[in-house]
Amino acid sequence: MLEIRIHGHGGQGTVTLAELIAYAQMKMGRHVQTLPFFGMERRGAPVKTAMRLSDEEILLKSQVYKPHVLVLLSEGLESGAVQQGLHKQGVVLVNRACVAERSGENVAANVPGCNPSVDAWGIARACELVLMGQPLINVPMFGAVSRLLGISPQAVTESIEYKWPAGSEASVRAALRGYEEVQGLEGLPDMARWIGDAAELPTEIPMEIPVELPTELPAALKANRITGVPAHPVSFPQKGVSGQTGTWRLERPVINKDTCTSCLLCWVFCPEAVIEKETLDIDYTYCKGCGVCAEECPAKAINMIREGE
Amino acid sequence: MEAERLMKAERQGQDGGEVTDERLLKTGCHAAALAVRSARVDVVAAYPITPQSSVVETISAMVEEGDLECRFLPVEGEHSALAACAGAIAAGARVFTATASQGLLYMHEVLHMVGGGRLPMVMANVNRAVFPPWALLVDHQDSLSQRDTGWLQIYVASVQEIYNAILQGFYITQEAQLPVMVNFDGFILSHCASGVMVPAQEVVDAFLPPYEPLWKLDPAAPSSFANVTATEYYGKHRAMLQRAQQEAKPIFKEAAARYRDHTGMWDGDVLDLYRTEDAEVFVISMGSMAAEVKLGVDDLRSRGIKAGAVRIRVYRPFPAEDLVQVLPDGSTAVVLERNYSFGMNSGILAVELKSALYGQKNVCIHDRVMGIGGEDLTWRYMARVVEDAITGKEATPWQPE
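Residues numbered from 1 in each chain as written. Chains lettered and ligands numbered in written order. Predicted model: local features only at pLDDT ≥ 70, side-chain atom pairs only at ≥ 80, totals over all residues. Heavy atoms only, no water.

A. How the structure looks around the sheet that holds strand S14 (residues 332-337) of chain B. Residues and elements named next belong to chain B. Read from one edge of the open sheet, five strands run S10-S12-S11-S14-S15, paired in mixed fashion. This sheet does not close on itself; its edge strands, each paired only once, are strand S10 (271-274) and strand S15 (364-369). The sheet shows a mean angle of 20 degrees between the axes of neighbouring strands, direction not considered. Direction of pairing for strand S11 (residues 281-285) relative to S14: parallel, over a ladder of four bridges. Within S14, the position partnered with Ile-284 by the bridge is Val-335. (Pairing = 2+ DSSP bridges. Helix = DSSP H or I, 4+ residues; strand = E, 2+ residues; numbered from the N terminus. Axes fitted to C-alpha atoms, helices over the stretch in contact; angles between N-to-C directions.)

B. Main features of a nonpolar patch on the surface. Residues and elements named next belong to chain A. Residues Leu-265, Trp-267, Val-268 and Phe-269 make up a contiguous nonpolar surface patch of roughly 350 Å² in combined accessible area. With respect to the secondary-structure elements, Leu-265 resides in helix H9 (residues 265-269). With a relative accessible area of 31%, Leu-265 lands in the partly exposed category. (Patch = residues over 30% accessible without salt bridge, like charges linked within 9 Å, V, L, I, M, F, W, Y side chains within 5 Å. Areas by Shrake-Rupley, 256 points an atom, 1.4 Å probe, with all protein chains shown as cover. Salt bridge = Lys/Arg side-chain N within 4 Å of Asp/Glu carboxyl O. Buried < 20%, exposed > 50% of the residue type's maximum accessible area, 1.4 Å probe, protein only.)

C. Focus on the packing of aromatic side chains. Residues and elements named next belong to chain B. Following the criterion strictly, the structure yields eight aromatic pairs over all chains and no others. Aromatic pair Phe-207 and Tyr-259: ring centres 5.1 Å apart, planes at 80 degrees, arrangement edge-to-face. Of the two residues, Phe-207 is situated in helix H9 (residues 201-207) and Tyr-259 in helix H11 (residues 249-263); the sequence distance between them amounts to 52 residues. Ring pairs connect the aromatic residues Tyr-155, Tyr-315 and Phe-318, which therefore count as one cluster. The ring of Tyr-315 carries the charged tip of Arg-316 above its face, separated from the ring centre by 4.8 Å. (Phe/Tyr/Trp six-rings, centres within 6.5 Å; stacked < 30°, edge-to-face > 60°. Lys NZ or Arg CZ within 6 Å of the ring centre and 35° of its normal.)

D. Here's a closer look at the confidence of the model for chain A. Residues and elements named next belong to chain A. Summing up the model confidence of chain A, the mean pLDDT is 83 and the portion of residues at 70 or higher is 81%. Of all secondary-structure elements in chain A, the lowest mean pLDDT belongs to helix H8 (residues 219-222), at 50, while helix H4 (residues 138-149) reaches the highest, 97. A low-confidence stretch, residues 99-104 (pLDDT under 50), is modelled with 13 contacts involving residues beyond four sequence positions or located in other chains. Contacts of residues 222-229 to residues separated by more than four positions or lying in other chains number 23 contacts, the stretch itself having pLDDT below 50. (pLDDT = per-residue confidence, 0-100. Contact = heavy atoms within 4.5 Å.)

E. View of helix H2 (residues 28-38) of chain B. Residue and element names in this part refer to chain B. Across the 11 residues that make up H2, a large majority, nine, are buried. Of the positions making up H2, those classed as buried are Gly-28, Cys-29, Ala-31, Ala-32, Ala-33, Leu-34, Ala-35, Val-36 and Ser-38. Arg-40 sits one or two positions beyond H2 and adopts a positive phi of about 50 degrees.

Here you go:
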C-alpha cells in the first residue's frame with residue numbers, strides 16, 4: 001500500500017488533487033482512499049489531505065503517519081511538521097515556483113533521495129487557469145503526481161474530464177504540461193511495488209498531541225472549585241494566536257495610493273483585520289494573502305503581487 | 001390518615017423551626033413561579049405549553065405588576081427561549097425558564113449548548129407525554145430523552161418540593177456550574193393545589209446569596225463563548241463535563257442541608273428512602289408515583305412482604321453508588337417507570353439500574369412500564385404489580401379502579 005500526504009493552504013485544492021489522483025488510480029483497478037484534514041476550516045490555513053493506494057481492500061481509516069510521497073503545494077509550511085514520518089526512501093514533490101524565495105527554507109532540500117519539482121504556479125498562470133485571482137496550482141500538480149505514479153496522459157485527461165465535464169480544456173492543458181515539465185525524476189522508487197506491498201503499519205504514532213492551554217484567563221475561571229481547570233468554553237482574543245498568518249501568503253496585496261479613493265471597503269472586508277483604517281497600511285506579518293481586498297476594491301487599486309517579486 | 005402519615009414521611013428531617021413563613025394554597029405551577037420570585041431571578045425567557053403555561057403566565061404577571069424585578073422575554077418558541085436564556089446567562093444574569101414535552105424536545109439542540117457550555121440556570125420541565133398521538137398528561141419520556149445533554153435532573157414528588165427544588169436548584173447550579181432541570185409531573189403536580197410553605201424573603205436571601213457569575217461576556221473585556229475549538233481542547237471540555245456531573249452529587253446534599261438549616265424544610269438527598277432498612281423487595285420509581293407507592297409498600301408489608309420504596313430524586317448524576325449501598329445482595333428490585341426505552345424491551349430506569357449494579361450487587365430486577373400518557377397509578381395497583389412481579393405472574397393489565 002502506498003501512502004501519500006498532500007500539504008497546502010486552505011483554498012489551494014489539496015482535496016481536489018487527491019480526488020483526481022484517486023479517480024485515475026481507481027480506473028486502473030486499485031483500491032483508493034482520500035482523507036482530507038481541514039483543521040479549523042479557515043481559508044489560507046495549513047491543511048493536508050492524505051491518501052492511500054493499494055491492490056488490496058484498505059481497512060485503515062486513521063491519518064497517514066508514514067507517507068511514501070509528500071506533495072507540497074506551497075512554501076510557508078513548517079518543514080518539521082510537513083516532513084514528519086516521511087518514509088526513508090520517500091519522495092517529496094514540490095511546487096517549485098513557491099519554494100523558499102521568501103522563507104529561505106527549502107523543505108525538499110533537507111530530504112535525501114528523489115525530490116522532483118514542477119513550476120505549477122507558472123503553468124497555471126500561463127494556461128489562464130485562475131479562479132478569483134488565485135492560480136489553480138493543484139491541476140498542474142496533478143499532472144506531475146501522475147507522472148510519478150505511472151498514470152498515463154490519457155488517464156490524466158479522463159480524470160479531469162470526469163471532474164469538470166463542462167469546460168475542462170484549460171485544465172487538461174495545464175495538467176499535461178505538469179506531466180511533461182516535472183523535473184528531477186532521477187532515482188524515483190518503484191511506486192507500483194509500494195502500491196502492491198502489504199500495508200506497513202507505523203510503529204510510532206504520535207498519540208499524545210501536546211496541548212497548550214491559553215495563558216491569560218481571568219482568575220475566576222481558574223477558581224472553579226470542581227474541576228480546578230477552566231471549564232467554560234470561553235476564549236479571549238489575542239493578536240497572532242494562530243501564529244504568523246503572514247507565512248501562509250503566496251501573493252501579497254499592494255494598495256496603489258494614487259488610484260485608491262479611501263472608500264474603506266478593503267478595511268471592511270478584510271477577514272483578518274490587518275488593514276489600518278487611518279493609513280490603509282497592511283500588516284504583512286498577519287495578512288494571509290487571501291485577495292479578498294483586491295476582489296472587493298471598486299477602484300481596482302489593489303494588486304496581488306507574487307511573493308518574491 | 002394515610003395521606004397525613006405520607007406527608008410526615010416526606011417531611012422527615014424537618015425540625016419544625018420558628019414559623020415566620022407563609023403557608024399558601026398553590027398549584028405546582030404557581031409554586032414554581034413563587035420559587036422564581038423568591039430566587040430574585042433576573043431574566044426569564046419562555047414560551048407557554050400545556051401543562052406548563054401557568055408557570056410562565058404567573059411569572060409574566062408578577063413582572064407586569066412589579067412584584068418581581070425581572071426581564072421577561074416572551075419569545076416565539078422554545079428553541080429561542082432557551083437560546084435567549086443562554087445569552088442572558090453569558091451576560092451574567094440569574095436565569096429561569098419552564099417548558100414541557102414537545103417544548104423540551106424542541107429545545108434539545110440548545111440543551112446541549114447550555115449543558116456543554118457550563119451555563120448555570122434552572123429550568124422547570126412539567127413532564128408530559130410526547131406525540132404522536134397527542135397526549136396532554138404525564139409520563140417521563142420527554143425529560144429522560146434529554147438524559148445525555150449535560151444537565152442535572154431532579155424529579156420531585158410534591159408541590160412543596162417543586163418550590164424547594166427550584167430554590168435549591170439555583171444554589172446547585174451556581175456551585176456545580178451545570179444547569180439544573182427540575183421535573184414535575186404534569187397535572188398531577190402542576191395543577192394540584194396544596195399548602196406551600198414560602199419562607200420569608202430574608203430567609204431565602206440568606207440561603208441563596210446574590211448571583212455572582214464566574215465569567216460573563218463583557219464588551220469592556222472582549223471574549224467569545226463556545227468558539228470553534230481544536231480536537232484536543234474539545235475532548236478536554238467534554239471530559240470535564242463528565243467529571244463535573246460526577247462531582248455534583250455532594251453539592252445536592254450540601255444544598256439540601258443548607259436549605260434545611262435556613263428554612264427548616266427537608267427535600268434533599270439523591271434518593272428518598274422509605275422503609276428500606278430491613279427490606280427484601282425494593283420498589284424503585286421517580287416522580288409523584290414514587291410518593292404514593294409508599295402506601296403500596298405499607299400494604300405489601302401488611303401482607304408479609306418486606307417491601308421498601310426507593311425514590312430516585314436526582315436522576316443526573318445517576319445515584320449509582322447510593323443504590324449499590326441501599327440494595328443488599330440477594331434482594332429483589334421492582335422498577336416502576338413512566339417511560340420506554342424503545343428497542344430495549346424495557347424502561348430507561350431499569351437499564352440504568354442494571355448498569356449501576358452490574359458487578360457490584362446481585363439483585364433480581366423486574367421492570368414494569370406503567371402510567372404512560374397519564375394512566376392513573378394508584379398505590380393498590382402498584383402494590384399488585386409488585387406482588388405479581390415477585391411471584392412470577394404475568395404483568396398485571398392496567399385498568400382504572
